[in-house]
Amino acid sequence: MSQRPPTPDEDPPKKGVLFCPDCGHESPVTGDWIIRERPTRDVYECPSCSTTILRRRRFVSLSC
Ligand SMILES: [Zn+2]
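Sequence order as written defines the numbering, with residues in each chain counted from 1. Selection of residues for local features in this predicted model requires a pLDDT of at least 70, selection of side-chain atom pairs for listing and counting requires 80 or more, and totals for whole chains, interfaces and linings are taken over all residues. Excluding hydrogens and water, the side-chain figures rest on all heavy atoms present in the structure.

In the nomenclature of an unreviewed UniProt entry, the protein chain corresponds to DUF8106 domain-containing protein from the organism Halostagnicola kamekurae.

Right under this line is the structure:
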């Protein structure tokens with residue numbers, strides 16, 4: 001019924017952006033994080049201070 005005018009000032013919520021709690025480095029998940037691949041998970045490290053940002057379980061095919 002009521003059409004909202006476009007709001008160019010309104011940024012869409014950032015999706016998949018990680019922040020380093022230590023130094024405040026900000027980058028998308030696909031950005032410049034150092035990804036250490038483990039057998040069961042990926043570990044994301046900050047490229048500036050090497051703080052571990054995120055541990056993400058790797059996709060493991062359950063074909064056992
Ligand atoms: Zn950092």
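Chemist: I'd like a description of the overall build of the protein chain, backed by residues and values.
Modeler: Numbering goes from the N terminus for both helices and strands, where a helix is a DSSP run of H or I of at least four residues and a strand is a run of E of at least two. Along the backbone of the protein chain there are 0 helices and 5 strands. Note on exposure labels: buried denotes an accessible area under 20% of the residue type's maximum, exposed denotes more than 50%, and partly exposed covers the range between, all computed with a 1.4 Å probe on protein chains only. Counting across all 64 residues of the protein chain, residues that qualify as buried make up 19%. Only the protein chains shown count as cover for residues, and the accessible areas themselves come from Shrake-Rupley with a 1.4 Å probe. When the accessible surface of the protein chain is split by element, carbon and sulfur atoms take 51% of a total near 5,700 Å².

Chemist: Kindly report on unusual backbone geometry, identifying the contributing residues and their values.
Modeler: The phi angle at S50 is positive, at roughly 65°, despite the residue not being glycine. Tracing the chain through its elements places S50 in the loop between β4 (41–45) and β5 (52–57).

Chemist: Tell me about the sheet that holds strand β3 (residues 34–37), and please be specific about residues and values.
Modeler: What the 3 strands build is an open sheet, ordered β3-β4-β5; its pairing is antiparallel. Looking along the sheet, the strands with just one partner apiece sit at the ends: β3 and β5. Neighbour-to-neighbour, the strand axes of the sheet open up by a mean angle of 20°, direction not taken into account. Two strands pair under a simple rule: DSSP has to find at least two bridges between them. Two strands pair when backbone bridges link them, and β4 and β5 are joined in this way by 5 bridges, in the antiparallel orientation. The residue bridging R41 from the neighbouring strand is R57, located in β5. Note on geometry: axes are C-alpha line fits, over the in-contact stretch for helices, and angles between N-to-C directions span 0 to 180 degrees.

Chemist: Requested: an account of the pattern of salt bridges, with residues and values cited.
Modeler: Pairing between side chains of opposite charge can happen when their charged atoms approach one another. The salt bridge criterion pairs a side-chain nitrogen of Lys or Arg with a carboxyl oxygen of Asp or Glu, the two atoms within 4 Å. Applying the stated criterion across every chain yields a total of 1 salt bridge. The closest approach of N and O atoms between R36 and E45, which form a salt bridge, is 2.9 Å. Residue R36 is classed as partly exposed on the basis of its relative accessible area of 34%. When its relative accessible area of 12% is taken as the criterion, E45 is described as buried.

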